[in-house]
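# Close look at the chain arrangement
The primary structure of each chain is shown beneath.
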Amino acid sequence: MSSVISPSSSSNTPSASALITSTGIGSGLDIGAIVSSLTTAFGAAQTSQLTNQQSTLDSEVSAYGTFTAALDTLKLALPALEDPSQLAAFAATVADKNIASATTSSDAVAGTYSLLVNNLATAATATSAPLSSTAGVGTGTLTIQVGGSSTAITIDSTNNTLGGIAAAINSTPNAGVSASVIATTGGSRLVLTGTSTGLANQITVTQSGGDGGLASLALTTVPAQNANYSINGFAATSGSNVVANAISGVTLNLQQASALATSTTLTVSPDTSSAQTAIDKFVTAVNGVLSSIQTLTSYNPSTQVAGPLNGNATLEAFQNQLQNILGKFTNAGGGVKSLTDLGITAGTDGTYSSNDTTLGNALSASLASVGNLLGGANGIATQISNLVDGYTKPGGLLDTINQGLQTSLTNVSKQQSALAAQMAAYSARLTAEYNAMDTAVALLKQTQTYLNAEFNPSANAASGTSQSNTSLGSGNLGTSG
């Protein structure tokens, strides 16, 4: 709404200083919409340009992130191939799995062995005489010696039952035994069991001090013993059932004594399954990188849609270097001189596929030459690892590119903020100019109404309030009084 003050009768002129306006009331124009439209048009070109720049930069940042993720996946697939000793793994198999199991290390060599387990290594035990489970046994000090270590445990009136003694022993660090109470028809018994097996870990328990009642425990011990076994008929012994040094690169886990002194077969052979899994993982990762490059740098002539890094020299350079390494040919000894000998070949689309049969045969025939091709200082996996590091390491090529993109995004953001401030100032100036025009129009209309009233009083009396209301309704300002 607008309100006006009537012209002064003493001056008979409009009073501009007394006029209060609302935007568009005087002229009837939608000044807000006009200013908004002009302001938008004023900044349209720069806004569009900056928006397009930001969108392009965001797409490139995302695209390089996709490429980096593919390189990271490839990097994770390389360690298993870089070290030939890891690739040339061996597996150990025991025919009778009830007797023992076996694992291998990189020092293992192929071989077949006869294994006989006479007895397992056991821990010593000490069992008390039957006693009441609730009555106090006595007080004093129990000294438990296991091998060369001893532990003194104080027993008093707060823990002198069989259960209390067991709890005191179990709460003592490095006691070398675990304690429990078993119920029998003749009474309850305290049982101590050594935590380590073998002849070197015998248990001795002595009591001293107190009321002497601890002597009633009358512990009876069953000595610990070593495992006794034979390999290829040669006797051996071990204080533990986990035997690490009996065969080079093989660790035996003895499970139980052989039945009827019958030996079982232990076979150590090349483990091609782990190598095949590692190589298949490598091929998949290589294809992931190549597929990523193809998608990011693509151009579809039918739709005229280009990938976010179409024609990008960085990705094209990496692809060329990667393919050169993958095409490596070695003159080293053995039947495997290239990836083709492993059944790994490139298709027409540039990605690689592997033939499991060819790969399996190569691994079985010459696992060492496979390791030499892929691993070692000049192996394919090592060269690819160095190539990837050059791109992905901190301060590397991709890191430098990403920092440049982030700087560009920051600059675009600053330009957008500056443009927004410029458009706001432009909008404010236009609003002020249009409001001034609107005020002038309102004053002119007010003057027109005043003059009409002065020179045509009969028409003004006839129209009266109706004319005034009509003028206000159309956006014109009338006079009052």
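Placed above this text is the structure.
Residues numbered from 1 in each chain as written. Predicted model: local features only at pLDDT ≥ 70, side-chain atom pairs only at ≥ 80, totals over all residues. Heavy atoms only, no water.

Further remarks concern the overall build of the chain. Helix and strand counts for the chain stand at 11 helices and 19 strands. Taking all 481 residues of the chain together, 35% fall into the buried category. Long-range contacts, defined as pairs at least 24 residues apart, comprise 71% of the intrachain contacts of the chain with a sequence gap of at least 6. (Helix = DSSP H or I, 4+ residues; strand = E, 2+ residues; numbered from the N terminus. Buried < 20%, exposed > 50% of the residue type's maximum accessible area, 1.4 Å probe, protein only. Contact = heavy atoms within 4.5 Å.)

In the sheet, strand β3 (residues 111–119) pairs with strand β15 (residues 264–270) via 5 bridges, with the strands oriented antiparallel. Note that in β15 the partner of Ser 114 across the bridge is Thr 265. Pairing of β3 with strand β11 (residues 227–231) involves 4 bridges; the strand directions are antiparallel. Note on β11: the bridge partner recorded for Asn 119 is Asn 228. (Pairing = 2+ DSSP bridges.)

On to the packing of aromatic side chains, then. The description of two aromatic rings rests on the distance between their centres and on the angle between their planes. The tally for this structure, following the rule as stated, stands at 3 aromatic pairs. With a centroid separation of 5.5 Å and 85° between ring planes, the pair formed by Phe 67 and Phe 318 is classed as edge-to-face. Taken together, the residues Phe 67 in helix α1 (residues 31–76) and Phe 318 in helix α6 (residues 313–326) connect sequence positions 251 residues apart. One exposure class covers both Phe 67 and Phe 318, and it is buried. In textbook terms, an aromatic cluster arises when at least three aromatic residues are bridged by ring pairs, as seen for Phe 67, Phe 318 and Tyr 391. (Phe/Tyr/Trp six-rings, centres within 6.5 Å; stacked < 30°, edge-to-face > 60°.)

What follows concerns the sheet that holds strand β9 (residues 203–208). Spatial strand order, β6-β5-β9: 3 strands in an open sheet with antiparallel pairing. On the outer flanks of this sheet lie β6 (149–155) and β9, each paired with one strand and no other. Shown here is a sheet whose adjacent strand axes are inclined to one another by a mean of 20°, direction ignored. Here 7 bridges tie strand β5 (residues 140–146) to β6, and the two strands are oriented antiparallel to one another. Note that in β6 the partner of Leu 142 across the bridge is Ile 153. (Axes fitted to C-alpha atoms, helices over the stretch in contact; angles between N-to-C directions.)

With that settled, consider the packing of α1 against helix α10 (residues 397–455). Between α1 and α10, the shortest axis-to-axis distance is 9 Å and the interhelical angle comes to 170°. It follows that α1 is roughly antiparallel to α10 by the angle criterion. Considered class by class, the residues forming the contact of α1 with α10 number 21 nonpolar, 18 polar and 3 charged. (Parallel < 35°, antiparallel > 145°, perpendicular 65-115°, else oblique. Nonpolar A, V, L, I, M, F, W, Y, C, P; charged D, E, K, R; others polar.)

Before going further, it helps to spend a moment on unusual backbone geometry. Phi at Asn 174 takes a positive value of approximately 55°, unusual for a residue other than glycine. Tracing the sequence through the fold places Asn 174 in the loop between α4 (162–170) and β7 (177–184). On the basis of relative accessible area, Asn 174 is assigned to the exposed category, the value being 73%. The phi torsion at Asn 232 lies on the positive side, around 55°, for a residue other than glycine. Tracing the backbone through its elements, the reader meets Asn 232 in the loop between β11 and β12 (234–238).

As a further point, take the sheet that holds strand β13 (residues 242–247). Pairing within the open sheet is antiparallel, and its 3 strands lie in the order β2-β14-β13. Looking at the sheet topology across the chains shown, the edges are occupied by β2 (100–104) and β13. Strand-to-strand twist across the sheet, computed as the mean angle between neighbouring axes with direction ignored, equals 30°. In terms of strand pairing, β13 meets strand β14 (residues 250–254) through 3 bridges, oriented antiparallel. Pairing of Val 242 across the sheet is with Asn 253, part of β14.

Considering all chains together, one arrives at 1 salt bridge under this definition. A salt bridge links Lys 75 to Asp 389; the shortest N-O distance between them is 2.9 Å. Within this pair, whereas Lys 75 is found in helix α1, its partner Asp 389 is found in helix α9 (residues 380–392), the two being separated by 314 residues in sequence. Classification of Lys 75 by relative accessible area gives partly exposed; the value is 26%. Judged by its relative accessible area of 29%, Asp 389 is partly exposed. (Salt bridge = Lys/Arg side-chain N within 4 Å of Asp/Glu carboxyl O.)

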